[in-house]
Amino acid sequence: METKLHSFLNSNLLNKYLVGETSSEETKEVEYYINNFPEAAKAYDKLQYNLELIAKAGAVDVPKNVLANILDALEESNDTKVIQLVQNRKTPWYSIAASAAAILFAVTSFMLYQKNQNLSNENNVVVDEIFDLRSDIENNNAKLDELSRELNKLNDPDARKYVINGNDRAKDLKTVAYINPVEKTSMIDVITLPKLPKDQHYEIWAELQDRMVNLGILDESDRKLRPIPYMEDALALSIKIGNKGDANTTTDTEVAEVSLKEKE
């Protein structure tokens, strides 16, 4: 119930009720909260008090000589004029003042309602920004967790580091492989890859006792640590140039190689 009361007090229903803009259902809801919850009644009384203060502050004082002028005019009139005065009666000064006060009160109430509406909209914007900020923080934390896990893999005492440098065909090529035979994980870090024609790409291969296994494509735009398939009993890793759409890469296209047995 406290949550419903809090939501009610943060809504615009009290303002709308004060200026007579609530529907029948909203009116019942407002009157229910005012009659049953002291906090709602106090908020409504405070709102009424503030509006009355503003209305009084903006009211125009009636000149003191208005009443004297009206009395003098009545004393100088005859019976015929009195009849005529009754037929064409002008609005009394106090009615004008009351009407002006009522108009001022309505205008002030509307301005306060608009201001409260703007504050409510600003509050909604702030809430949305907080949720966006929380989402960004969660995403950043997830990225940090992933980076921390990768660093833990690299710092694992069982992890072995292999630097793969290019041969004369690709002197600027450099990648680093991290292989953990205990956890059975392999990762590759692309540092530099010379540019190739659009119809070619780099491939990383694992050399086994009886065959070569393609472990995937190395993209020159993919400059980040990423996993590659772990191959049990691999003798070496090599990088070759392959043609896009052609799976038959030959050994003649090899541009880098590193032995995995030298670390044992």
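Refer to the structure printed above.
All of these numbers come straight from a predicted model, not from anything done at the bench.

*Asks:* Pulling in residues and values, what's your account of the overall build of the protein chain?
*Replies:* Helices and strands together make up the secondary structure of the protein chain, namely seven helices and eight strands. Taking all 264 residues of the protein chain together, 26% fall into the buried category. Considering only residue pairs separated by 6 or more positions, the protein chain has 58% of its internal contacts joining residues 24 or more positions apart. A total of about 18,500 Å² of accessible surface is found on the protein chain, and carbon and sulfur atoms cover 52% of it.

*Asks:* With reference to specific residues and values, describe the sheet that holds strand β8 (residues 254–259).
*Replies:* As summarised here, the arrangement of the four strands in space is β5-β4-β7-β8, forming an open sheet in which the pairing is antiparallel. Strands at the two margins of the open sheet, each flanked by one partner only, are β5 (212–218) and β8. Each strand axis lies, on average, 25° off the axis of its neighbour in the sheet, ignoring direction. Here strand β7 (residues 236–243) pairs with β8 via five bridges, running antiparallel.

*Asks:* Describe the pattern of salt bridges, with residues and values.
*Replies:* A full pass over the atoms with the stated rule returns three salt bridges. When the shortest N-O distance is used, the salt bridge between aspartate 210 and arginine 211 registers 3.3 Å. When its relative accessible area of 63% is taken as the criterion, aspartate 210 is described as exposed.

*Asks:* Provide a residue-level description of the packing of helix α1 (residues 2–10) against helix α3 (residues 24–36), including the pertinent values.
*Replies:* Interaxial distance between α1 and α3 falls to 12 Å at its minimum, and their mutual angle equals 120°. The way α1 lies across α3 gives a crossing that is left-handed. In this structure, α1 contributes Lys4, Leu5 and Phe8 to the contact, and α3 contributes Glu29, Val30 and Tyr33.

*Asks:* Could you give an account of the sheet that holds strand β1 (residues 160–165), with specific residues and numbers?
*Replies:* In spatial order, the strands read β1-β2-β3-β6; together these four strands make up an open sheet with antiparallel pairing. Of all strands in the sheet, those with a lone pairing partner are β1 and β6 (225–228), marking the two edges. For this sheet, the mean inter-axis angle between neighbouring strands, taken without regard to orientation, is 25°. Direction of pairing for β1 relative to strand β2 (residues 174–180): antiparallel, over a ladder of six bridges. Along β2, the bridge assignment pairs tyrosine 162 with alanine 177.

*Asks:* Can you tell me about the environment of histidine 201, naming the residues and giving the values?
*Replies:* Mapped onto the elements of the fold, histidine 201 is located in strand β4 (residues 200–207). Given the relative accessible area of 13%, histidine 201 is considered buried. When residues no more than four places from it in sequence are discounted, the contact partners of histidine 201 are Leu196, Ile217, Lys240, Ile241, Gly242, Asn243 and Lys244. In terms of polar contacts, histidine 201 uses its side chain to reach the side chain of glutamate 203, at 2.9 Å.

*Asks:* Run through the nonpolar core, naming residues and quoting values.
*Replies:* Core analysis: the largest hydrophobic core is formed by 25 residues, its most contacted members being Ile164, Leu173, Tyr202, Leu218, Leu237 and Ile239. Where this core is concerned, the elements lending two or more residues are β1, β2, β3 (185–192), β4, β5, β7 and β8. Residues Leu5, Leu18, Ala41 and Leu47 belong to the second largest nonpolar core, which totals 14 residues.

*Asks:* Requested: an account of the side chain of lysine 16, with residues and values cited.
*Replies:* By the secondary structure assignment, lysine 16 is in helix α2 (residues 13–18). Excluding anything up to four places from it in sequence, lysine 16 contacts Glu21, Thr22, Glu26 and Tyr113.

*Asks:* A description of a negative patch on the surface should follow, citing residues and the corresponding values.
*Replies:* A contiguous patch of negative charge, built from Asp128, Glu129, Asp132 and Asp136, is present on the exposed surface. Structurally, aspartate 132 is set in helix α7 (residues 93–155). With relative accessibility at 48%, the residue aspartate 132 sits in the partly exposed group.

What counts, and where the lines are drawn
- Residues numbered from 1 in each chain as written.
- Predicted model: local features only at pLDDT ≥ 70, side-chain atom pairs only at ≥ 80, totals over all residues.
- Heavy atoms only, no water.
- Helix = DSSP H or I, 4+ residues; strand = E, 2+ residues; numbered from the N terminus.
- Buried < 20%, exposed > 50% of the residue type's maximum accessible area, 1.4 Å probe, protein only.
- Contact = heavy atoms within 4.5 Å.
- Areas by Shrake-Rupley, 256 points an atom, 1.4 Å probe, with all protein chains shown as cover.
- Pairing = 2+ DSSP bridges.
- Axes fitted to C-alpha atoms, helices over the stretch in contact; angles between N-to-C directions.
- Salt bridge = Lys/Arg side-chain N within 4 Å of Asp/Glu carboxyl O.
- Left-handed = near helix turned anticlockwise from the far one by under 90°.
- Polar contact = N/O pair within 3.5 Å; in protein donor to acceptor, adjacent residues only side chain to side chain.
- Core = buried A, V, L, I, M, F, W, Y, C linked by side-chain atoms within 4.5 Å.
- Patch = residues over 30% accessible without salt bridge, like charges linked within 9 Å, V, L, I, M, F, W, Y side chains within 5 Å.
- Lys, Arg positive; Asp, Glu negative; His and termini not counted.
- Charge placed at Lys NZ, Arg CZ, Asp CG, Glu CD.

Distances and angles like these do not, on their own, reveal function.
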